[in-house]
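So the chains spell out like this:
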Amino acid sequence: MEPRKQRLMPWLYQKIEEGRTPGLFWIDKEGLIFQMPWVHAKKKSYDVARDALLYKQWAINSGKYIPDRDEPDPTTWKINFRCALNSLRGYVNLVKSDEIEGYRRMQFVRRALEEQLELDQARAIGRKLLEQTGRRNSEGSGFRERNILRDLVDGCDPSWPSPVLMPGQATMLGGQVPIMSGTFIIGFQFWKTFSSWHFVV
């Protein structure tokens, strides 16, 4: 299975929490305000290994750059990151931009972030299910279920209703697993909770 590609909001949140990317950190975690590097490449102090690392990491996550295969292109990395960030206007908002110091301060919209983190967790659970069904079924057995799960994991639309993760929910087989509304998997039992479908395996 190919490495999981995260959407920008949960990916960026995870990077801030990890605290290992230079220039990316919380300004006000409670208020969901963070700072990220935005250094112009023509600035004398510009260091591509430091100042373009965030954009490089996003390029790797999104599959636009594969180390040891593709030529490094920091300019394109930043352009692609900016485009992805601009697509989230209304969900991740600009608080302050300082071109001289080389940073931007942004703020997550709480509801949008919570929904995207839940969706990201649901996709991770789906991948685990996909791996489990692949291991427990012989070649050709369970083919339809695995394909539907694969479509779910690889093609979730962030505009779909977000899953409701239940207390004590298992993350592997044998528990409740959230599935987007309108998704049907043959062989599983379903019931509906608010805007989300759940099934037990």
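Fair warning: this is a prediction, and the values are worked out from it, not measured in the lab.

So, on to the sheet that holds strand S3 (residues 92–98). The four strands lie next to each other as S1-S2-S4-S3, forming an open sheet whose pairing is antiparallel. Here the strands that pair on one side only, and so sit at the sheet edges, are strand S1 (25–28) and S3. Taken over all neighbouring pairs, the strand axes of this sheet differ in orientation by 30 degrees on average, direction set aside. Sheet analysis places S1 next to strand S2 (residues 33–37), joined by three bridges and oriented antiparallel. What sits directly across from Asp28, in S2, is Ile33.

Turning our attention to the nonpolar core. By size, the foremost hydrophobic cluster in this structure holds 27 residues, and its most contacted members are Leu8, Leu12, Phe34, Met36, Phe81 and Phe108. For this core, the secondary-structure elements that each account for two or more residues are helix H1 (8–18), S2, helix H3 (53–61), helix H4 (74–86), strand S4 (103–108) and helix H5 (110–136). Per element, the largest residue contribution to this core is five residues, and it comes from H1. Residues in contact with Phe81, not counting those within four places in the same chain, are Leu8, Trp11, Leu12, Met36, Trp38, Leu54, Tyr55 and Trp58.

For Gln6, the location among the structural elements is in the segment before H1. One polar contact links Gln6 to Gln14, side chain to side chain, over a distance of 3.2 Å. Here the side chain of Gln6 touches Asp120 through a polar contact of 3.0 Å, side chain to side chain. Apart from residues lying up to four places away in sequence, Gln6 is in contact with Trp11, Gln14, Trp58, Asn61 and Asp120.

Keep in mind that low pLDDT regions are not for reading the predicted coordinates in detail. Averaged over every residue, the pLDDT of the protein is 75; residues scoring 70 or more account for 63%. Looking across the protein, the model is least confident in strand S6 (residues 189–193), with a mean pLDDT of 34, and most confident in S1, with 98. Across residues 156–201, confidence stays below pLDDT 50; counting only partners more than four residues off in sequence or on other chains, it has 103 contacts.

Cut-offs and rules
- Residues numbered from 1 in each chain as written.
- Predicted model: local features only at pLDDT ≥ 70, side-chain atom pairs only at ≥ 80, totals over all residues.
- Heavy atoms only, no water.
- Pairing = 2+ DSSP bridges.
- Helix = DSSP H or I, 4+ residues; strand = E, 2+ residues; numbered from the N terminus.
- Axes fitted to C-alpha atoms, helices over the stretch in contact; angles between N-to-C directions.
- Core = buried A, V, L, I, M, F, W, Y, C linked by side-chain atoms within 4.5 Å.
- Buried < 20%, exposed > 50% of the residue type's maximum accessible area, 1.4 Å probe, protein only.
- Contact = heavy atoms within 4.5 Å.
- Polar contact = N/O pair within 3.5 Å; in protein donor to acceptor, adjacent residues only side chain to side chain.
- pLDDT = per-residue confidence, 0-100.

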